[in-house]
Amino acid sequence: MKPVIFTIIGNDRPGLVDAVAKKVYEYGGNWQGSSFAHMAGQFAGFVEAQVPGDKHQDLIAALNTLDGLQVHSQSVTESALSDADELTIEVMGNDRPGIVQELTNVLNRFELNIINFNSTCESAPNWGSEMFKARVRVAIPADVEHDDVKDALEAVANDLVVDITTTV
């Protein structure tokens, strides 16, 4: 068994995940993890599965037969696991253009590797404006101080609230 990562995107409709899961199972795969979302009327997601090495291309070809889905895949030969500590960073503030670029620029300056990045914009109760919220899990080198990262993120805007916790 070897890992394969694939992304899928297409018009959202009931049964898409089930159809993908059936194909993975049909080709001897074991579903390891996934993340899916409905965005602007589209279904988007990615999946990691362990699949017999000789079935990777057959699985991808079968996934491409699913009506209305686009599939991109990557077979993985090695996993580069890091011994770095992980942090969970939660950010909330007024939404504005460029906020994600500013936040990721700070993370990049500290050479933090983004493991997971989830963000959303929500209407702020009683304010009528959009609030940006993000939850980011990063790998942090041992020589980087958590407080330095927090201070740099908070410096992006005076209304930005940043909470950092160590991921166990």
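These numbers come from a predicted model, not from an experiment. (Residues numbered from 1 in each chain as written. Predicted model: local features only at pLDDT ≥ 70, side-chain atom pairs only at ≥ 80, totals over all residues. Heavy atoms only, no water.)

Details of the packing of helix α3 (residues 99-109) against helix α4 (residues 146-154)
Argument step 1. At a closest axis distance of 10 Å, the pairing of α3 and α4 adopts a crossing angle of 155°. What the angle tells us is that α3 and α4 run roughly antiparallel. Helix-helix and strand crossings are classified by hand; for α3 and α4 the assignment is right-handed. Note on element contacts: α4 touches α3 through V149, A152 and L153, opposite L103, V106, L107 and R109. (Axes fitted to C-alpha atoms, helices over the stretch in contact; angles between N-to-C directions. Helix = DSSP H or I, 4+ residues; strand = E, 2+ residues; numbered from the N terminus. Parallel < 35°, antiparallel > 145°, perpendicular 65-115°, else oblique. Left-handed = near helix turned anticlockwise from the far one by under 90°. Contact = heavy atoms within 4.5 Å.)

Section: the packing of aromatic side chains
Argument step 1. If you walk through the whole model with that rule in mind, you get 2 aromatic pairs.
Argument step 2. Note on W31 and F36: the rings are 6.2 Å apart at their centroids and 50° apart in plane angle, and the pair reads as tilted.
Argument step 3. Given the relative accessible area of 26%, F36 is considered partly exposed.
Argument step 4. Geometrically, the ring pair formed by F36 and F43 is stacked, given 5.2 Å between the ring centres and 25° between the ring planes.
Argument step 5. According to the relative accessible area criterion, F43 is buried, its value standing at 7%.
Argument step 6. Joined through ring pairs, the aromatic side chains of W31, F36 and F43 make up one cluster. (Phe/Tyr/Trp six-rings, centres within 6.5 Å; stacked < 30°, edge-to-face > 60°. Buried < 20%, exposed > 50% of the residue type's maximum accessible area, 1.4 Å probe, protein only.)

Considering α4
Argument step 1. Among all positions of α4, only V149, A152 and L153 are buried. What you see down the axis of α4 is that its buried residues fit within an arc of 100°, all on one side. (Arc of directions from axis to C-beta.)

Quick word on the sheet that holds strand β1 (residues 2-11)
Argument step 1. The 4 strands are arranged β2-β3-β1-β4 in an open sheet whose pairing can be described as antiparallel. Of all the strands in the sheet, the pair left with one neighbour each is β2 (30-39) and β4 (69-75). On average, each strand axis in the sheet is tilted by 15° relative to the strand beside it, whichever way the strands run.
Argument step 2. The sheet strands contacting helix α1 (residues 16-26) are β1, β2, β3 (42-51) and β4, and the helix crosses β2 at an angle near 160°. (Pairing = 2+ DSSP bridges.)

Examining the nonpolar core
Argument step 1. Of all hydrophobic cores here, the largest spans 21 residues; its most connected members are I89, V149 and L153.
Argument step 2. Every element with two or more residues in this core is listed here: β5 (85-94), α3, β7 (130-140), α4 and β8 (161-167).
Argument step 3. Looking at this core, the element that brings in the most residues is β7, giving 5 residues.
Argument step 4. Grouped together as the second largest cluster of nonpolar side chains are 16 residues, F43, V47, L59 and L66 included. (Core = buried A, V, L, I, M, F, W, Y, C linked by side-chain atoms within 4.5 Å.)

Some words on unusual backbone geometry
Argument step 1. In this structure, A40 is a non-glycine residue whose phi angle is positive, near 50°.
Argument step 2. By the element assignment, A40 lies in the loop between β2 and β3.

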